[in-house]
Amino acid sequence: MSDNYRSREERRRAMNDSKTKSNTEGKKKKGSIFRKIIAAILILGIVGVIAGVGTFFALVSDAPKVDESVLKDSFSSKIYANDGKTVIKEVGGEKRTYVQYDQIPQVVKNAFIATEDVRFYKHNGIDFYRIGGAVVANFKEGFGSEGASTITQQVVKNSFLSPEKTIKRKVQEMWLSYQLERKYSKQQILEMYLNKIYFSTGEVYGIAKAAESFYGVKDLNDLTLDQAAMLAGLPKAPSTYNPYQNPENATKRRNTVLNLMAKNGFITQQEADQAKQTDVQENLIEPKETTSKYDVFVDQVIKEIEEKTDADVFSAGLEIYTTLNPDAQSYVDQLMNTNEIVNYPNEEFQAGLVVLDNETGAVQAIGGGRNRVARGLNFATDIERQPGSTIKPILDYGPAVEYLKWSTAEPIKDEPHQYSNGVQIRNYSRNYKGWVSAREALGRSLNIPALKAFQAAGADRAKEFATGLGLELEKSQGEEFAEAFSIGGFTQGVTTMELAGAYSAFANEGVYNAPHTVTKVKFPDGTEMDLSPKPKRAMQDYTAFMVTDMMKSVVEAPYGTGRAVRTPGLEIAGKTGTSNFSQNEKIKYNIPDGGVKDVWFSGFTPKYTISVWTGYEKNSDGFIYSENEKAMAKTIFKKVITHVSQGESKGTFKQPDSVIKRAVEKVSSKDVKKPSGATPKTSITYEYFVRGTEPTKVSQVFIEKEKKEQKEKEKQEEKNVKAKLNAAFNPGANAINVSWSVENAKNAKVTVNMTSSTGDSRELANGRTSGSASISAPTAGATYSFSLTTSNGGSASASVKVPVVEEEPPETGQNPEGGQENEQPDDNDSQDEDEKKPEEDEEENSEQPQQPDQNQQPDQNQKPDENQQPNQNQGNNGNGNPAPPNNGNGNGGNNPNQGQQQPNNPVKDQPSG
């Protein structure tokens, strides 16, 4: 038993030893894996550092050397025309006033350091702490309140490197900044910076020249706090924050600088708030430099370089290749600054225009304003004005064609209408046209159909369409993209440049190229930067073509509002636009009825787009009133488009395969249909449809109209039917003679009936439009009535009362007067006595016919002609009485169709039914 116990203990110890060994081996295994991971990370880190260092030195190996002459000297930049050879201007290098560090007052230094590099004195050229802090500051203070580059980096960038945003350039910038900090003191670097930076168009760079140009200050110590803050805010975006052009933006930027100075302890908050009270334009001097050749275009070139690169045009020694057409620009300059081409109403009247190449978006010429000065407001690129109806192709009809596939014939009812919020909208004419096509609605510039098109497409789609054409539409009256935008009711508006760019896409088959003046820039180190915008499809080709064709009606149609720009040999499409003063503005500035604020014309040929704005800079300067003033935008457009098109291939707007042309009836209802055979040519028009949406149904309008007119005509003919019926008793023949005729009966059937007071009735005729009949041996004392009816509504009637003839007394020899008893009475006396009573009876009838010849007998072998008229020269026996008819069958002539002779009596009118 002890052996058994010992065996159990051994097994237990063996099991415990096995567990312990297993745990130990597991711990050793886990520890080994962890150490391997750490080792791997360390190895990778070392490799990364080595690779990073290697990469770093590879990137900086070809960096330019820090050259003191480059740091202090300014290299001018050359600007070329669109041929790439002609230098139109050389800027920079001559308008600089260099100042030493100790000549710069501390307030100026503090303003720039607070704004551009608050840790300037604490870093060695690269401020990694500030890179992170700049992100936070931009969220707190607003975008642009603090940049990531140090002042040292900006000096390096402007002196040695291109502004190309690449890792290599950034690494080289950091490396050279470190080198610069090792070679120069902080004071020297700040001095370089303040003498090198660019401030404004007109070649103003360096703090000393800026102070003189803006405030007339030649000693920097004379600058006030608010002036120093304003100047310190300019370098970030000189045009955007220019106090002459954009006082509102300049004020905001100056106040941001003042806040940063107070935040970083350079001034107190009280001093900052006090400086903010000064109007940013209060101490500005009048610009002295007048416009020189191509100045307005060059200003735009410099502005684009600033926006698209970080280069300083006036010191970086750039070669700038532009889109300028020297001939077009010279003509525009002459037009804007003299009265030789256009006779302006007064000196305050202003205009702005842009000429674009449709295919590329290249700006050919700019009209920045009349008598414009350098640094002055550019009326083509800086002002934003309500576009009026020029926005309708962009926000209304363009989206409707693009998304709903409207045709140019789309019916829209011009009728009383309102915005979605219930506010009434009116046309300029204050009347309504009823059903009109989209083409006519745009051509007439009707507001109500435009709003309906906008509402049909939807605000979101309209905004998307406009955004694709380069327009950034802000809120209006606090309402996000309000429906009033559909007729140009903007708060901010658009620039002439923006509108020209949007219109050019219609001419370019729906492809949008942003308007631009610079194609490329070449830097001193040999690198080039392509600044031409990339084309993008903004709409379908069917939209571009169909809206273009609708805008052609603005110019070509009799109802078009732009007929004045018609130019022989040029195919022109475009749109007029007018904006009005508000009621408050009318009262404040004493604007009469009919006075308007802005007048536009934006149009294009297959080659060029020109957008023209006319008006006044400020409401207090004046208003557009006369017809001559209102037509000025169209006049300017026509002059310029004619000039730039001379010697050019005129071209035509090409119809794409996605569009089909069809004949349709002119719009008169909600449906568009093909013309019918009954449609008159004057009611047929030819319109464009997206292929597959063309109408298939034939219009019934004129078919129904024709049927209606036929019925009306038949009714009128019924009214014009003249039925004549005559009846008279012939005592000699003891018969009643009846005759009739019907005028304008055409194919109508004629029926003649007789009734008598004795109860006798019969049909005398059926089918003949004229004829006669005789009633033999009528009953004495009876009344015979006759009626004529036609199948087309004619009627006539007549009646005859047969007289009662008294018998003669028997013969008694001699009469009481002494004659012999056998003597015959006088025939004439007997005839008079016999006829007297019938004549009295016939007075009851409206007409009394003449008697037929009693002795004339008809030819019994002759068949009567139903259409034969009575022969008035036949059958007269001398006493005016007709002979009784002989029908050859002894029936007294009761069959009117056998053996009758036409009466010789004219038939007189009877009342018609």
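First, a word on scope: everything that follows refers to the structure included in this document. (Residues numbered from 1 in each chain as written. Predicted model: local features only at pLDDT ≥ 70, side-chain atom pairs only at ≥ 80, totals over all residues. Heavy atoms only, no water.)

Our focus in this paragraph is the packing of helix α10 (residues 247–263) against helix α11 (residues 269–276). When two helices pack together, their arrangement is given by the angle between the helix axes and the distance between those axes. Two elements in contact, α10 and α11, have axes whose closest approach is 8 Å; the angle formed by their N-to-C orientations is 170°. The angle between the axes of α10 and α11 places the two elements in the roughly antiparallel class. Considering the relative orientation of α10 and α11, their crossing is right-handed. Seen from α10, the contacting residues are Arg254, Asn255, Leu258, Asn259 and Ala262; seen from α11, they are Gln269, Ala272, Ala275 and Lys276. Across the contact of α10 with α11, the residue classes break down as four nonpolar, three polar and two charged. (Axes fitted to C-alpha atoms, helices over the stretch in contact; angles between N-to-C directions. Helix = DSSP H or I, 4+ residues; strand = E, 2+ residues; numbered from the N terminus. Parallel < 35°, antiparallel > 145°, perpendicular 65-115°, else oblique. Left-handed = near helix turned anticlockwise from the far one by under 90°. Contact = heavy atoms within 4.5 Å. Nonpolar A, V, L, I, M, F, W, Y, C, P; charged D, E, K, R; others polar.)

A few words now on the nonpolar core. Formed by 55 residues in total, the largest nonpolar core has its most connected members in Ile394, Leu395, Tyr397, Leu469 and Phe506. At the level of secondary structure, the elements contributing two or more residues to this core comprise α14 (392–404), α15 (438–444), α16 (447–457), α17 (459–467), α18 (496–507), α19 (541–556), β17 (596–604) and β20 (684–690). Ranked by the residues each element gives to this core, the list is headed by α19, at eight residues. Listed in part, the 52 residues of the second largest apolar core include Ile104, Tyr193, Ala229 and Tyr241. (Core = buried A, V, L, I, M, F, W, Y, C linked by side-chain atoms within 4.5 Å. Buried < 20%, exposed > 50% of the residue type's maximum accessible area, 1.4 Å probe, protein only.)

Now for the packing of α18 against α19. Direction vectors running N to C along α18 and α19 enclose 110°, while the axes themselves pass 8 Å from each other. One element, α18, and the other, α19, form an angle in the roughly perpendicular class. The residues of α19 that touch α18, namely those facing Tyr503, Ala505, Phe506 and Ala507, are Ala544, Val547, Thr548 and Met551. In terms of residue class, the contact of α18 with α19 is built from seven nonpolar, one polar and no charged.

To continue, consider α10. Spacing of three or four residues puts side chains on the same side of an α-helix, whose turn is 3.6 residues. Helix length check: α10 (17 residues) gives 24 Å between terminal C-alpha atoms against 24 Å at 1.5 Å per residue, within 8%. Residues of α10 that are buried: Ala250, Arg253, Arg254, Asn255, Val257, Leu258, Leu260, Met261 and Ala262. Taken together, the buried residues of α10 touch α3 (106–116), α9 (225–233) and α11. Gly265 sits one or two residues past α10 and shows a positive phi near 80°. (Expected span 1.5 Å × (residues − 1).)

Time to look at the side chain of Asn255. Note that Asn255 resides in helix α10. Reaching out from Asn255, the side chain makes a polar contact with the side chain of Arg254 at a distance of 3.2 Å. (Polar contact = N/O pair within 3.5 Å; in protein donor to acceptor, adjacent residues only side chain to side chain.)

Another point: the sheet that holds strand β22 (residues 735–743). The antiparallel open sheet is built from three strands, whose spatial order is β21-β22-β25. Either end of the sheet is taken by a strand with one partner, and the two such strands are β21 (722–730) and β25 (770–776). Between one strand axis and the next, the sheet turns through 15° on average, direction left out of account. Summarising the sheet, β21 and β22 pair through nine bridges and their orientation is antiparallel. Across the sheet, residue Phe729 finds its bridge partner in β22, namely Ile736. (Pairing = 2+ DSSP bridges.)

None of the figures reported here should be taken as evidence of function without further support.
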